[in-house]
Amino acid sequence: ERRALDGLRFLLVAGAPVPVDLLERAAALLPSATLATPYGMTEALPLTEVTLEELRESDGIGVLVGRPLNGVDMGIAPLDSQGEPAQMLIDTPETTGEIVVRCDWMRDRYDRRWATQHRADSPSGWHRTGDVGHFDEQGRLWVEGRLAHVLLCADGPVTPVAAELIAQRAARVPLAPPVGAAPAAPPVPVHTPHPPQ
């Protein structure tokens, strides 16, 4: 059975997001395969792709999901001090905001969702994903969580994934979701203990 897996050349693993350790375990079973994971949503998939090799070498704020695929336009609607995304789109590196996309397969066969589509169409012909993130200097997209989960703090908005990853690394715990303790106060990470061995 293991020999049958030796011939597999490519494995695309979708999820939100796919943990690197899961990809590593799959790679151990598929010695000849390139492993990759896409980013997208019901309205438009795939939009980006990143390989396990790139994920192994990545270190940044958020979850690396890769570069836009051919035919995909992406922009960032920067967040203001209240966590509201702008109407204008930019692609300036290291600027956090709502991820906005456009491609030919966007909303293909996505029928009878007019109210949702109207809210998401801004600017016209684009789709507001409801995700927040940023581009790095190499043009790769990093997802930092959901717009609805952005916390407002005294120094401005804090994205949930970025805050959780920093708390996880500092406390060396598997989960540390940030919780808004009070208006304009710093978020409080809720640490969860390591699972029993």
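Rules used throughout
Per chain, residues are indexed from 1 in the order of the written sequence. In keeping with the model being predicted, local features are shown solely for residues with a pLDDT of at least 70 and side-chain atom pairs are shown and tallied solely at 80 or more, while totals for entire chains, interfaces and linings include all residues. Based on all heavy atoms of the structure, the side-chain values leave hydrogens and waters out of the count. Only DSSP runs of H or I with at least four residues qualify as helices, and only runs of E with at least two residues qualify as strands; both kinds are numbered from the N terminus onward. Burial status follows relative accessibility: with a 1.4 Å probe on protein chains alone, a residue under 20% of its type maximum counts as buried, one over 50% as exposed, and anything between as partly exposed. By the convention used here, residues are in contact when the closest approach between their heavy atoms is within 4.5 Å. The Shrake-Rupley method, run with a 1.4 Å probe, gives the accessible areas here. Residue values count only the displayed protein chains as cover. Definition of a polar contact: a pair of N or O atoms within 3.5 Å, with one able to donate and the other able to accept a hydrogen when the atoms are protein atoms, and with sequence-neighbouring residues admitted only if both atoms are side-chain atoms. Here, a strand pair is defined by DSSP locating no fewer than two bridges between the strands. In this analysis, axes come from line fits to C-alpha atoms, helices being fitted only over the stretch in contact, and the angle between any two N-to-C directions falls in the range 0 to 180 degrees. Here a salt bridge means any side-chain nitrogen of Lys or Arg lying within 4 Å of a carboxyl oxygen belonging to Asp or Glu. Within this scheme, the nonpolar core is defined by two criteria: the residues are buried Ala, Val, Leu, Ile, Met, Phe, Trp, Tyr or Cys, and they are joined through side-chain atoms within 4.5 Å. A score from 0 to 100, pLDDT tells how confident the predictor is in each residue.

## Things to note about the overall build of the protein chain
Right, on to step 1. In terms of helices and strands, the protein chain carries five helices and 12 strands.
Right, on to step 2. Put simply, the protein chain has 197 residues, and 40% of those count as buried.
Right, on to step 3. Expressed as a percentage of contacts within the protein chain between residues at least 6 apart in sequence, the contacts between residues at least 24 apart total 52%.
Right, on to step 4. Split by element, the accessible area of the protein chain, about 11,600 Å² in all, is 54% carbon and sulfur.

## A look at the side chain of Asp 131
Right, on to step 1. If you trace the backbone, Asp 131 turns up in strand E7 (residues 127-135).
Right, on to step 2. Of note is the side chain of Asp 131, whose polar atom sits 2.7 Å from the side chain of Arg 146.
Right, on to step 3. Asp 131 has contacts with Tyr 39, Met 41, Gly 97, Glu 98, Ile 99, Gly 145, Arg 146 and Leu 147, leaving out every residue within four places of it along the chain.

## Overview of the sheet that holds strand E5 (residues 73-78)
Hydrogen bonds between backbone groups are what pair the strands of a sheet, and the pairing can be parallel or antiparallel.
Right, on to step 1. Pairing is mixed in the open sheet, where eight strands are placed in the order E1-E2-E3-E4-E8-E7-E6-E5. Here the strands that pair on one side only, and so sit at the sheet edges, are strand E1 (10-12) and E5. Each strand of the sheet is rotated relative to its neighbour by a mean of 45 degrees, with strand direction disregarded.
Right, on to step 2. Looking at chain direction, strand E6 (residues 97-102) and E7 are connected through four bridges and run antiparallel. Bridging across to E7, Gly 97 finds its partner in Gly 133.
Right, on to step 3. Where helix H5 (residues 160-171) meets the sheet, it contacts strand E4 (63-68) and strand E8 (141-146), and its direction lies at approximately 95 degrees from that of E8.

## Some remarks on unusual backbone geometry
Right, on to step 1. The peptide bond linking Leu 45 to Pro 46 adopts the cis configuration, its omega dihedral lying at 0 degrees.
Right, on to step 2. Note that Pro 46 resides in strand E3 (residues 44-51).
Right, on to step 3. Here Glu 94, not a glycine, exhibits a phi torsion of approximately 65 degrees, which is positive.
Right, on to step 4. On the secondary structure map, Glu 94 appears in the loop between E5 and E6.
Right, on to step 5. Of note, the phi angle at Arg 172 is positive, near 55 degrees, even though the residue is not glycine.
Right, on to step 6. Looking at the secondary structure, you find Arg 172 in the loop between H5 and strand E11 (178-179).

## A closer look at the pattern of salt bridges
Right, on to step 1. Scanning the entire structure with this criterion turns up nine salt bridges.
Right, on to step 2. The partner of Arg 140 in a salt bridge is Glu 54, and the shortest N-O contact between them spans 3.4 Å. In this pair, Arg 140 is assigned in the loop between E7 and E8 and Glu 54 in helix H3 (residues 52-57), connecting sequence segments 86 residues apart.
Right, on to step 3. Taking the relative accessible area as the measure of exposure, Arg 140 reaches 10% and is therefore buried.
Right, on to step 4. Each of Glu 54, Arg 67, Asp 136 and Arg 140 takes part in salt bridges that share partners, so that together they form one network.

## A few points about the nonpolar core
Right, on to step 1. Among the nonpolar cores identified, the biggest contains 16 residues, and Tyr 39, Leu 47, Met 74, Ile 99 and Leu 141 are the most heavily contacted of them.
Right, on to step 2. Every element with two or more residues in this core is listed here: strand E2 (34-41), E3, E5, E6 and E8.
Right, on to step 3. Of all hydrophobic cores here, the second largest spans 13 residues; its members include Ala 26, Ala 33, Leu 35 and Leu 64.

## Re the confidence of the model for the protein chain
A low pLDDT score tells you not to read the predicted coordinates there in detail.
Right, on to step 1. Per-residue pLDDT for the protein chain has a mean of 87; in total, 90% of the residues score no lower than 70.
Right, on to step 2. No element of the protein chain has a lower mean pLDDT than helix H4 (residues 114-120), which averages 59, and none a higher one than E5, which averages 97.

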